[in-house]
Amino acid sequence: MKKIGVIGCGLMGAGIAEVAARAELDVVVVESDQAAADAGNERLAASLRRAEAKGKITDAAAVLGRVRVGTDLEALADRDLVIEAIVEDEAAKLDLFAKLDGIVTAPDAVLASNTSAIPIMKLAAATSRPEHVLGLHFFNPVPVLSLVELVPSLLTDPGVTERVRGFARDTLGKHVINSQDRAGFVVNALLIPFLLSAIRMVESGFATPADIDEGFVRGCAHPQGPLALADLIGLDTTRAIAESLYEEFREPLYAPPPLLARMVDAGLLGRKSGHGFYRYGEAQR
């Protein structure tokens, strides 16, 4: 797998493109419009400049030169692996996979999703090649966190699963864990109820966001509290994952609290909007 496609150049997509380019791969990134493409290219360039300043890479310009960011899905036609990293919306992802099925022409090409919670079988069923579709779930920030969840569906060819495992492990240098094709996979099935519990504490007036987070950081030795983490993930993404989990399992611990829904409706999405449970500086897309 030498030719990589990434769809979406937000925080996750740009991170995936960066680690692929650092691995000296040919990367094509596709965004929804030119403004988003320009913003994504700058996000990628800024991250590479920071990595160079910290001594993580030696030539940011050379790494950036391996990435082409545009708006035309047809540019993905010759890719060996295409990784979808768009908004966590099932309808949007289903539509995209149906389009990719007619665009990506390499006979052994793999279509992967970075979804946090949507069952891979649903995405595979939107294509004529479900045996070549799987989940490849990275974690933010992608250049820093080593974990990748590998999620084959019931119809994924075992050979495809092993090829992608080897790619993520040996080419990208990631640590790969396996998950069954269940909403939330391993990490989010554990993490999201924890975040929702913290949001319910705020909603009930039990404690302030700052006290909840400080208590967890200082009392449990976690690097970040649950509400700051929800802001980092994005409250819209947190809600979308919770809804997918609740739809699949129907357990109350997965149900999004009303406060979370109201904050998303108000545009208080966390770091990406500049305001969530905390206020931030310049908004990140």
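Treat the numbers as computed from the prediction; the structure is a model and nothing was measured.

Caption draft 1: Structural context of the packing of aromatic side chains. One pass over the structure, following the stated rule, counts 2 aromatic pairs. Judged by centre distance (4.8 Å) and plane angle (45 degrees), the ring pair of Phe194 and Phe216 falls under tilted. Here Phe194, found in helix α7 (residues 187-204), pairs with Phe216, found in helix α8 (residues 209-220); they are 22 residues apart in sequence, far enough to count as distant. The exposure class assigned to Phe194 is partly exposed, which follows from its relative accessible area of 25%. Owing to a relative accessible area of 21%, Phe216 belongs among the partly exposed residues under this scheme.

Caption draft 2: Structural detail: helix α4 (residues 90-103). Here α4 spans 20 Å end to end across 14 residues, near enough to the 20 Å set by a 1.5 Å rise per residue. Buried within α4 we find Lys93, Leu96, Phe97, Leu100, Asp101 and Ile103. Buried residues along α4 cover an arc of 165 degrees about the axis, so they all sit on one side. Looking at α4, the residues exposed on the side facing more than 90 degrees away from the buried face are Ala91 and Gly102. Next to the buried residues of α4 lie β1 (3-7), β4 (81-84), β5 (110-113), α5 (120-124) and β6 (133-138). Where α4 begins, the side chain of Asp89 points an oxygen toward the backbone nitrogen of Ala91, at a separation of 3.3 Å.

Caption draft 3: How the structure looks around the pattern of salt bridges. Tallied over the entire structure, the rule returns 18 salt bridges. The partner of Arg22 in a salt bridge is Glu18, and the shortest N-O contact between them spans 2.7 Å. Taken together, the residues Arg22 and Glu18, both in helix α1 (residues 11-22) and 4 residues apart, mark about one turn of the helix. Taking the relative accessible area as the measure of exposure, Glu18 reaches 2% and is therefore buried. A salt bridge links Lys122 to Glu90, with the nearest nitrogen and oxygen atoms 3.5 Å apart. One end of the pair, Lys122, is in helix α5; the other, Glu90, is in helix α4, with 32 residues separating them in the sequence. Given a relative accessible area of 32%, Lys122 falls into the partly exposed group. On the basis of relative accessibility, which here comes to 26%, the residue Glu90 falls in the partly exposed class. Salt bridges linked by common partners bring Lys3, Asp26, Arg68, Asp78 and Arg79 together as one network.

Caption draft 4: Geometry of α8. Here α8 spans 16 Å end to end across 12 residues, near enough to the 16 Å set by a 1.5 Å rise per residue. Buried within α8 are the following residues: Pro209, Ile212 and Asp213. With its buried residues spanning 95 degrees around the axis, α8 presents them on a single face. Opposite the buried face of α8, by more than 90 degrees, sit the exposed residues Arg218 and Gly219. For α8, the elements touching its buried residues are α7 and α9 (226-233). Ala221, located one to two residues past α8, shows a positive phi value of around 60 degrees.

Caption draft 5: Highlighting the environment of Leu147. Looking at where Leu147 falls in the secondary structure, it is placed in strand β7 (residues 147-152). If we ignore the near neighbours within four places in the chain, the residues touching Leu147 are His137, Phe138, Phe139, His175, Ile177 and Val187.

Caption draft 6: Just the environment of Leu229, in detail. Mapping Leu229 onto the fold places it in helix α9. Note: C-alpha distance between Leu229 and Asp213 (16 residues apart in sequence) is 9.2 Å. Dropping the residues within four chain positions of it, Leu229 is found in contact with Leu191, Leu195 and Gln224.

Caption draft 7: Quick look at unusual backbone geometry. The step from Asn140 to Pro141 runs through a cis peptide bond, and the omega angle for that step is 0 degrees. Inspection of the secondary structure assignment puts Pro141 in the loop between β6 and β7. Despite not being glycine, Glu24 shows a phi value in the positive range, around 65 degrees. Inspection of the secondary structure puts Glu24 in the loop between α1 and β2 (26-30). With phi around 60 degrees, Ala221 is a residue other than glycine that occupies positive phi space. As for its position among the elements, Ala221 is in the loop between α8 and α9.

Caption draft 8: Up close: the nonpolar core. Grouped together as the largest cluster of nonpolar side chains are 36 residues, with contacts concentrated most on Val27, Ile83, Leu136 and Phe138. Top contributing element to this core by residue count: α1, with 6 residues. If you look at the next biggest cluster of nonpolar residues, it comprises 23 residues, including Ala230, Tyr254, Val264 and Phe277.

Definitions and limits used
Positions within a chain are numbered from 1, following the residues in the order the chain's sequence is written. It should be noted that, the model being predicted, local features are given only for residues of pLDDT at least 70 and side-chain atom pairs only at 80 or more, the latter also being counted only at that level, while totals for whole chains, interfaces and linings use all residues. Hydrogens and water are ignored here; the side-chain numbers use all heavy atoms of the structure. Ring pairs are drawn from Phe, Tyr and Trp, using the six-membered ring of Trp, whenever the two centres fall within 6.5 Å, and their geometry is named by plane angle: stacked under 30 degrees, edge-to-face over 60, tilted for the rest. Each helix corresponds to a stretch of at least 4 residues labelled H or I by DSSP, and each strand to a stretch of at least 2 residues labelled E; elements are numbered beginning at the N terminus. Think of it in three bands: with a 1.4 Å probe and only protein chains considered, a residue is buried below 20% of the maximum accessible area for its type, exposed above 50%, and partly exposed in between. For a helix, the expected span equals 1.5 Å multiplied by the residue count minus one. Arc definition: it is the arc formed by the directions from the helix axis to the C-beta atoms. The contact criterion used throughout is that any non-hydrogen atoms of two residues lie within 4.5 Å. Identification of polar contacts relies on pairs of N or O atoms within 3.5 Å, with a donor-acceptor requirement for protein atoms, meaning one able to donate a hydrogen and the other able to accept it, and with residues adjacent in sequence counted only if both atoms are side-chain atoms. By definition, a salt bridge exists where a carboxyl oxygen of Asp or Glu is found within 4 Å of a side-chain nitrogen of Lys or Arg. Residues enter a nonpolar core if they are buried and are Ala, Val, Leu, Ile, Met, Phe, Trp, Tyr or Cys, with the set joined through side-chain atoms within 4.5 Å.

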